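An overview of the molecular structure
So the chains spell out like this:
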Amino acid sequence: MTAITTETGTDSLILDAIRAHTTSENPSSFLALNSGNSVFTVPGVDGVVVYRRTGRWAVQFGGPFAAEGDYDTLLDAFRTYVRDEGLSLVGVQLQRADAERYAARGCVVNQIGASWAVSLADFTLRGTKFMQLRNKISRALRNGLQIQEVDAAEVADHIAVIDKAWLGSKGGAQQLEFLVGQIGGPAQAQRRLFSGTIDGEPVAYISYSPVYGSRAGWMHDLSRRIPEGSPGLMEAINAHAIEIFRAEGVEWLHFGFTPFTGLDAGHELEGHSPAFQWLMHALWAEGAALYPAQTQLSYKQKWAPDLSIPEYVAFDGPQASLPGFAHIFRACKAF
């Protein structure tokens with residue numbers, strides 16, 4: 001059994017795994033390639049487990065990306081490895097297929113949120129339900145917004161300007177990691193970046209990550225804009241990207257995971273924690289200081305998503321753990 005980090009040249013190993021092993025249909029699987037992740041493997045077993053160690057916790061991203069016949073072997077080996085290291089295990093962004101297998105092992109599994117996706121085959125911004133969205137896009141374009149797909153290395157200075165302004169508007173918040181995409185590094189060649197400028201000055205960008213599986217396409221991932229800039233910047237850039245994706249025959253645009261959203265009692269598994277279920281609903285209603293879920297969902301709903309995909313958290317123990325939940329956010333550098 002081996003635990004290694006992405007800095008030791010495992011990118012191709014992870015990329016091969018998330019491309020090949022898509023049974024769980026995790027739309028955020030590309031985040032497994034984020035720098036700073038650790039990777040667990042077992043000799044002779046086809047697959048990887050991706051996680052981060054924070055404090056006395058191993059925070060796992062998604063379920064094992066593994067061949068069907070090796071999934072259980074890899075998961076059980078990883079759970080043993082975590083215990084032998086004196087750690088506790090919490091898994092986040094598990095898909096339903098993952099969640100059922102964790103629950104079958106006695107883990108406490110709860111819905112933690114949802115991801116959202118739009119089918120692009122017949123997508124159009126025509127119609128009354130998109131009137132406000134079209135107006136915002138038109139306003140940004142009238143204000144001189146120019147949009148183009150760019151090479152991240154060639155616009156690194158523009159990205160830095162936008163990031164500095166955006167983070168500054170958040171009171172000097174840290175750049176989030178782990179469950180949020182990155183720009184740069186070896187994996188950048190697989191992503192796509194669309195940038196917006198006004199009068200030659202950088203004002204916004206959206207990075208898109210590939211999605212594999214039966215709902216293959218792109219995920220609207222990391223996005224930033226200059227605070228107090230023109231209304232409609234993000235909407236205009238995303239609409240531009242959608243038209244390019246549609247012309248290429250891309251079938252799905254995913255909007256990624258948002259915690260505390262899409263909660264439904266019908267999604268919960270037997271053995272879930274009612275107390276943790278209550279907490280998720282409370283954080284949806286009152287948890288903006290921890291994560292702006294309502295704001296994030298409002299943006300995603302502007303695009304009338306066709307699909308809400310429940311996502312889960314699993315605690316490897318007899319009950320849901322508040323410290324385990326908090327360490328998910330520590331792994332993300334949220335605090």
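Structure's up top.
From a predicted model like this one, the values you see are computed outputs, not experimental measurements.

The rules behind each value
Residues numbered from 1 in each chain as written. Predicted model: local features only at pLDDT ≥ 70, side-chain atom pairs only at ≥ 80, totals over all residues. Heavy atoms only, no water. Salt bridge = Lys/Arg side-chain N within 4 Å of Asp/Glu carboxyl O. Helix = DSSP H or I, 4+ residues; strand = E, 2+ residues; numbered from the N terminus. Buried < 20%, exposed > 50% of the residue type's maximum accessible area, 1.4 Å probe, protein only. Contact = heavy atoms within 4.5 Å. Polar contact = N/O pair within 3.5 Å; in protein donor to acceptor, adjacent residues only side chain to side chain. 1 Å grid on protein atoms, 1.4 Å probe; cavity = no way out; pocket = protein on both sides within 12 Å on 5 of 7 lines; lining within 4 Å. Points joined across faces, edges and corners; volume = space filled by probe spheres on them. Nonpolar A, V, L, I, M, F, W, Y, C, P; charged D, E, K, R; others polar. Core = buried A, V, L, I, M, F, W, Y, C linked by side-chain atoms within 4.5 Å. Expected span 1.5 Å × (residues − 1). Arc of directions from axis to C-beta.

Applying the stated criterion across every chain, the model contains 15 salt bridges. Of the charged contacts, one joins Glu177 and Arg52 as a salt bridge, the two residues approaching to 2.8 Å between their closest N and O atoms. One end of the pair, Glu177, is in the loop between α5 (156–169) and β8 (192–198); the other, Arg52, is in strand β3 (residues 47–54), with 125 residues separating them in the sequence. Under the relative-accessibility criterion, Arg52 is labelled buried at 8%. One network of salt bridges, with partners in common, ties together Glu68, Asp72, Asp76, Arg101 and Arg105.

Turning next to the environment of Tyr205. Residue position: Tyr205 is located in strand β9 (residues 201–211). For Tyr205, a relative accessible area of 0% puts it in the buried group. A C-alpha to C-alpha distance of 9.7 Å links Tyr205 and Asp163, two positions 42 residues apart in sequence. In this structure Tyr205 touches Ile159, Ile162, Asp163, Ile183, Leu193, Phe194, Ser195, Leu222, Ser223, Arg224, Met234 and Ile237, once residues within four positions along its chain are discounted. Separated by 2.5 Å, the side chains of Tyr205 and Asp163 make a polar contact.

Within the structure shown, the criterion is met by one cavity of 30 Å³ or more. Every residue lining the largest cavity is listed: Glu25, Asn26, Pro27, Val211, Tyr212, Arg215, His254 and Ile309. Considered class by class, the residues forming the lining of the largest cavity number four nonpolar, two polar and two charged.

Attention shifts here to the nonpolar core. Ranked by internal contacts, the top residues of the largest apolar core, which has 38 residues, are Ile18, Phe61, Ile112, Phe178, Met280, Phe325 and Ile328. Of all elements in the fold, only α1 (11–20), β3, β4 (57–66), β5 (88–94), α7 (274–286), β12 (307–315) and α9 (322–331) reach the threshold of two or more residues within this core. Setting aside chain neighbours within four positions, we find Ile18 in contact with Ser29, Phe30, Ala32, Leu33, Phe65 and Tyr212.

Before going further, it helps to spend a moment on helix α4 (residues 131–142). With 12 residues, α4 should reach 16 Å at 1.5 Å per residue; the first-to-last C-alpha distance of 16 Å fits that figure. If you check which residues of α4 are buried, you get Leu133, Ile137 and Ala140. In a view along the axis of α4, the buried residues occupy a sector of 60 degrees, so they form one face of it. For α4, the exposed residues set more than 90 degrees away from the buried face come down to Gln132 and Arg142. Lining the buried residues of α4 we find β7 (145–150) and α6 (233–247). Looking one or two places after α4, you find Gly144, whose phi comes out positive at around 100 degrees.

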